[in-house]
Structure formats: structure tokens, C-alpha cells
Amino acid sequence: GVRRRSAMAVAASAVVLAATMGHRAATSSARTVSAGPIALAVLPLANASGDGSQDHLGLGMAHLLVNSLSRLPGLTVVSASAALPYADRTQSMKRIGADLGATLVVDGVLQRASDPMLVTVSLVDARSDTVIWGDSYEFRSREAATLPQRVAEGLAPVLPTWFGPADRRRLLRAPTSDPDALTDFTQARAFLDRRDVPGNLHRSMALFESAIRRDPRFALAHAGLGEACWALYEVTREGDWTVKARDAIAEALRLDPDQPGVHYTLALIYHGTGRNEEALDQVRQALILQPGSDDAHRLLGRLL
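Reading the values: rules and limits
Residues numbered from 1 in each chain as written. Predicted model: local features only at pLDDT ≥ 70, side-chain atom pairs only at ≥ 80, totals over all residues. Heavy atoms only, no water. Helix = DSSP H or I, 4+ residues; strand = E, 2+ residues; numbered from the N terminus. Contact = heavy atoms within 4.5 Å. Core = buried A, V, L, I, M, F, W, Y, C linked by side-chain atoms within 4.5 Å. Buried < 20%, exposed > 50% of the residue type's maximum accessible area, 1.4 Å probe, protein only. Polar contact = N/O pair within 3.5 Å; in protein donor to acceptor, adjacent residues only side chain to side chain. Salt bridge = Lys/Arg side-chain N within 4 Å of Asp/Glu carboxyl O. pLDDT = per-residue confidence, 0-100. Expected span 1.5 Å × (residues − 1).

J.: An account of the overall build of the protein is requested, with residue identities and associated values reported.
T.: If you tally the helices and strands in the protein, you get 13 helices and six strands. Summarising the internal contacts of the protein: among those between residues at least 6 apart in sequence, 62% fall at separations of at least 24.

Structure follows, in C-alpha cells:
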């Protein structure tokens, strides 16, 4: 479950940490990924801090980092939910990459959960199972919302993507300035990612709503609420949930229209309720923002 970490997972994380630190001097300054089609997956942070109450942080940070990296042109970024089954790290990076269709995997370890918190992140070439970049980040819990932006900024120079001033501004925009809203969000994402557990969808929805009350401009919290409402519709088939899902997603896009994953989610909702013209508009918008999205291309194929 979300709160359990096997000894194997922690051991694997320690190996990644050692490799990252060993490569850090060379990879931070010199190595870049070779040009060509790049698909990138982000694993949830492994919690090696000894504080199980922080497990949700690793899941939430993966979602936020995916959102940041998907803003970079020329990248295909695998959804954080798709990478979730590999959070225990019992398989090699080669196998994880092959299963997810990813050439690169972002791995990370939460080493210290008390202030200041400490996270180590590495970029692994899944084809050769080698670490090509790594860095460590120390930050106060109230600054946790800035971590995905800092990691994305560190990753960008080693990726084969043109990274202009406008991209940098979008990348460095923190999703929320309220640390309590961020905590609600990461806990909500952890519950939503385990929607198979009875009661988790309602728990997730309540936490997304709490995050929104704390920060009404937290676009990703609105988007998460929309996902939770849509998941409840899929379980109950009660039409009210579709309206709530659409309203929440629309608000997320009003606040931040440059989110390809949110356009894709809205396309799924429209498609699922028979509004295929609107779905087509949204999936095309998702592909304008992230042309390499396999999920969006598959949905586009179903709609045409």
C-alpha cells in the first residue's frame, strides 16, 4: 500500500542514491542526453527517511514534477499514475523503462523528512541503466512546493529540448504558495492513486477541496478534484459527478490553460459522456501543448 515500503525498495533506493552521488560531479556539468525522441517517466520519491507519515509526499511530488516537465517542448512525459506500480523499485530501470515506453526515468529518495528536508534526485538512462545526472535538494517544509520546479530546472539543460525564457518562467511558477494546501494535495493524490481501496475516492475529494479552500488559485488541486469526481462517476454512474468533474477541470484550465494532462482529462470526461466534438477539441489542445503524448494520440484515434 501507499504507507508500506519494503526493505528491497529502501535498498534499491540506497543503490540509486549512491550512484547519484558518485556521478554527481560529472553529470551535473557535462553529460547530456543524446538527441532523438525522448519519453520520460517519473517514479514517486522513495521514502528512506524513516518517517512513514511522509510517504504521500513522494507520490504528490511525482505528479507535480510530471506537470512541470510536461511543459518542456519536445518531451513525452509518462503520467505519474502509470509509473506508480513501479514505486517499489523491485525491477531494473531497464525493465521499468521498457514497460512504460520510457527512455529516461527520474528517480528520487526522500532522505530526511524533518526540517530542513533533504531529497536526492537522479536521471537514469533506461536503455543502459546508467545515471546521467543527479543532484540533492535541501528545503524547508514550507518551501516544498518549489521542489518540482527546482528539479525540472536542473534537468532541463541535460535534456534534448529547446529551453527558452518563456519555458523557464512557466517551469519556475510554483503551483501554490500555501504549504498546508500542498500537504492536502499530496495526501489527496496518494488516496486517488489508490482508488481501489474503499473510501479513498471520498477521502481524496475532501482533501482536494481542503487544498482549494486554502488556495483557490491552486490549479492542480482543481484538476485533481475533477479527476476524483470523474472516478466517482465511473464507480457510481451518478450523473451529478460528471458535472462536478467538468466544473473542476474547467476551473483548473481557467487558472492555468497550459496543462496538457488536464486538457486530456477533460477530453476523457467529454468522451465518456458522449460529447465527442468537445473531446476532440480538448485532445487536440493537449497535443498542441505536448505533441508526443501517447495517451492523447490514442484518444484522438478513437475520436476520429
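J.: Please provide a residue-by-residue account of the environment of K94, values included.
T.: By the secondary structure assignment, K94 is in helix α4 (residues 93-100). For the pair K94 and S128, spaced 34 residues apart in the sequence, the C-alpha separation amounts to 7.0 Å. Beyond its immediate stretch of four places on either side in the chain, K94 contacts A126, R127, S128 and D129.

J.: Before we move on, could you go through the nonpolar core and cite the residues and values that matter?
T.: Ranked by internal contacts, the top residues of the largest apolar core, which has 80 residues, are L40, L69 and L123. Considering each element in turn, this core owes the most residues, 10 residues, to helix α9 (residues 219-236). Once residues within four sequence positions are removed from consideration, L69 is found in contact with L40, V42, L75, V77, A152 and L155. Within the second largest apolar cluster, 13 residues are counted, among which are V78, A83, M93 and I96.

J.: Which residues make up the environment of V151, and what values go with them?
T.: Assignment of secondary structure puts V151 in helix α5 (residues 147-155). Filtering out sequence-adjacent residues up to four positions away, V151 remains in contact with L65, V121, W133 and Y137.

J.: Quick rundown of the side chain of D125? Include the residues and the values.
T.: Mapped onto the elements of the fold, D125 is located in strand β5 (residues 117-125). Using a relative accessible area of 13% as the deciding quantity, one classes D125 as buried. A polar side-chain atom of D125 sits 2.9 Å from the main-chain amide nitrogen of R127. Residue contacts for D125: discarding those within four places in its chain leaves T103, L104, T130 and I132.

J.: Just give me the short version of the pattern of salt bridges, but keep the residues and values in it.
T.: If you walk through the whole model with that rule in mind, you get 12 salt bridges. Of the charged contacts, one joins D107 and R89 as a salt bridge, the two residues approaching to 2.6 Å between their closest N and O atoms. Of the two residues, D107 is situated in strand β4 (residues 104-112) and R89 in the loop between α3 (80-83) and α4; the sequence distance between them amounts to 18 residues. You'll find D107 and R89 in the same group, each marked buried. Here E138 ties to R112 by a salt bridge, and the two come within 2.7 Å at their closest N and O atoms. Of this pair, E138 sits in strand β6 (residues 130-139) while R112 sits in strand β4, and the two are 26 residues apart along the sequence.

J.: Break down the confidence of the model for the protein for me, citing the residues and quoting the values.
T.: The pLDDT averaged across the protein works out to 85; a share of 86% of its residues lies at or above 70. Taken element by element, the protein is modelled with least confidence in helix α1 (residues 7-29), mean pLDDT 41, and with most confidence in helix α8 (residues 200-214), mean pLDDT 97. A low-confidence stretch, residues 1-30 stays under pLDDT 50, and its non-local contacts, those more than four residues away or across chains, total 46 contacts.

J.: An account of helix α7 (residues 179-193) is requested, with residue identities and associated values reported.
T.: The end-to-end C-alpha distance of α7, which contains 15 residues, comes to 21 Å, matching closely the 21 Å that a straight helix rising 1.5 Å per residue would cover. Along α7, the positions that sit buried rather than exposed are A181, L182, D184, F185, T186, A188, R189, A190, L192 and D193. The elements touched by buried residues of α7 are α2 (55-69), α3, α8 and α9. The opening residue of α7, the one whose side-chain oxygen lies 2.8 Å from the backbone nitrogen of D180, is D178.

J.: Before we move on, could you go through unusual backbone geometry and cite the residues and values that matter?
T.: Across the junction of D115 and P116, the peptide omega takes the value -10 degrees, indicating a cis bond. Tracing the backbone shows P116 in the loop between β4 and β5. Even without being glycine, D129 reaches a positive phi, approximately 60 degrees. Note that D129 resides in the loop between β5 and β6. Located in the positive-phi region is R237, a residue other than glycine, with phi close to 60 degrees. Inspection of the secondary structure puts R237 in the loop between α9 and α10 (240-255).

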